[in-house]
Amino acid sequence: MTTEIDTLATALYVRVDDLLKASPHLAPWRPRVGFEPKLSYAELVTLAVMQALLGFVSEARWLRYAHARLRYLFPYLPHQPGWNKRLRRAAELIRQILRELATDTALWSDDVWIVDSTPVECGRSRETAKRSDLAGWAEYGYCASHSRFFWGLRLHLVCTLHGLPIAFALTGAKAVEREVLLDIFTVEPGLLGNRAGPTLLADKNYYGRDFERHLADLGVRLLRPARKGEPKRAGAELFRPLRQLIESVNQTLKTQLDLERHGGRTPAGVTVRVLQRLLALTAAIWHNHNTGGPVIRSITAYDH
């Protein structure tokens, strides 16, 4: 019997395969001589999304499950070293596919965005912080939403009201959120250049006269709660329900897609695992939107 995850996997495989046939330069570079990989990049990306949606944090457990249950979809499956190496090399491809799926929905043209950052914990012991390959990028930070300190990174996410990722950045835990947001818009000027100025909903950390002036110059209208000592700002009645919305998107990434249980131990490993989870969320939204799903951001139908 065909399941929802099978349907999504088939649709995603066809979409990625068509994309790579039309734009073969998007695939990671390979020498012209040598053996062709038995697992295509379209299959690799589809498997990566299925791993995230099905909740397998351990790559070893995921590959055991795939070998036992998914051979009818994937005749060849690699072992863990090959899987890990191929996945890390495909990070840029995953980022490109993430954007392709996002722009393949009507949600991409939404003109109301939400921005926030959320912790991506990378370790808990002092020894881990001292010896990890992530030291120097990962650092100690504080999460005000959950009143806790952590050692790791921050995922800065701009998304639509339906939770569709528009842009994102992965930084150290102490990075200033408003500076990262301006960097995102600077690195990707096309986000704003091809649309009417969006309205951006943010929390109190996105403040500052110069910051708001830069956003206004980019055509972005910022709505945020007033800080202590400031007069009441426009849109104050929207912030409570919309704050819950961005928290809901973060919770989807953390609880259903195991964002903080990524298992990465190197910068490349953490990066591709975060991209893997963002792609899984985007793929679910893309599929739900194009098939008329009742809840656009729901991934419950695909987690079993």
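Shown above is the structure to which this text applies.
Residue positions are counted from 1 within each chain, in the order its sequence is given. Only residues with pLDDT of at least 70 are given local features in this predicted model, and only at 80 or more are side-chain atom pairs given and counted; all residues enter the totals for whole chains, interfaces and linings. Derived side-chain values reflect all non-hydrogen atoms in the structure, with water molecules and hydrogen atoms excluded from consideration.

**Student:** Any chance you could break down unusual backbone geometry for me, citing the residues and the numbers?
**Tutor:** If you check the backbone angles, aspartate 258 has positive phi at about 55 degrees while not being a glycine. Secondary structure elements follow DSSP: runs of H or I of four or more residues count as helices, runs of E of two or more count as strands, with numbering from the N terminus. Looking at the element boundaries, aspartate 258 is found in the loop between α10 (239-256) and α11 (267-290). Residue exposure (1.4 Å probe, protein chains only): buried if accessible area is under 20% of the type maximum, exposed if over 50%, otherwise partly exposed. The exposure class of aspartate 258 is buried, given its relative accessible area of 9%.

**Student:** Any details on the state of the cysteines? Residues and values, ideally.
**Tutor:** For the purposes of this analysis, a disulfide is any pair of cysteine sulfur atoms at a distance within 2.5 Å. One pass over the full model with this rule turns up 0 disulfides. Cysteine 143 provides the cysteine sulfur closest to cysteine 159, a residue in no disulfide bond, and the two sulfurs are 16 Å apart. On the accessibility criterion, cysteine 159 (0% relative accessible area) is buried.

**Student:** Pulling in residues and values, what's your account of the packing of helix α5 (residues 91-103) against α11?
**Tutor:** Orientation is described by lines fitted to C-alpha atoms, with helices fitted over the stretch in contact, and by angles between N-to-C directions that extend from 0 to 180 degrees. Where α5 meets α11, the axes come as close as 9 Å, and the angle between the chain directions of the two elements is 20 degrees. It follows from the interaxial angle that α5 and α11 lie roughly parallel. You can see that α5 and α11 cross each other, and the crossing is left-handed. The segment α5 lies against α11, with Ala91, Ile94, Arg95, Ile97, Leu98, Leu101 and Ala102 engaging Val272, Leu275, Gln276, Leu278, Leu279, Thr282, Ala283 and Trp286. By residue class, the composition of the contact of α5 with α11 is 12 nonpolar, 2 polar and 1 charged. Throughout, the term roughly parallel applies to angles under 35 degrees, roughly antiparallel to angles over 145, roughly perpendicular to angles from 65 to 115, and oblique to all others. In this scheme the handedness of a crossing depends on how the near helix is turned from the far one: anticlockwise by less than a right angle means left-handed, clockwise means right-handed. The criterion used for residue contact is that any of the two residues' heavy atoms lie within 4.5 Å. Three categories are distinguished: nonpolar for Ala, Val, Leu, Ile, Met, Phe, Trp, Tyr, Cys and Pro, charged for Asp, Glu, Lys and Arg, and polar for the others, with Gly belonging to the last.

**Student:** Just give me the short version of the pairing of strand β3 (residues 148-160), but keep the residues and values in it.
**Tutor:** Counting buried positions over the 13 residues of β3 gives 11, a clear majority of the element. One ladder, built from 10 bridges, connects strand β1 (residues 112-123) with β3; its direction is antiparallel. When the sheet's bridge partners are listed, serine 117 is paired in β3 with histidine 156. Counting the residues that bridge the hairpin from strand β2 (residues 139-143) to β3 gives 4 residues, and of these serine 147 lies at a positive phi of roughly 50 degrees. When β3 meets strand β4 (residues 165-172), the two strands line up antiparallel, connected through 7 bridges. Paired with leucine 153 across the two strands is glycine 172, which belongs to β4. Connecting β3 to the next strand, β4, in antiparallel fashion are 4 residues, including glycine 163 with a positive phi near 90 degrees. Pairs of strands are assigned from DSSP output, requiring at least two bridges between the strands.

**Student:** Now, about the pattern of salt bridges: what can you tell me, with residues and values included?
**Tutor:** Take a side-chain nitrogen of Lys or Arg and a carboxyl oxygen of Asp or Glu: if they are within 4 Å of each other, that pair is a salt bridge. Tallied over the full model, the rule gives 17 salt bridges. Here aspartate 17 makes a salt bridge to lysine 21, at a shortest N to O gap of 3.1 Å. Of this pair, aspartate 17 and lysine 21 both sit in helix α1 (residues 4-22), 4 residues apart, which is roughly one turn of that helix. By relative accessible area, which is 18% here, aspartate 17 ends up buried. Between lysine 130 and glutamate 127 there is a salt bridge, with its nearest N and O atoms 3.4 Å apart. Of this pair, lysine 130 and glutamate 127 are both found in helix α6 (residues 126-131), 3 residues apart, which corresponds to roughly one turn of the helix. Take glutamate 127: its relative accessible area is 41%, and that puts it in the partly exposed class. If you follow the salt bridges from partner to partner, you end up with Glu121, Arg124, Arg148, Lys254 and Glu260 in one network.

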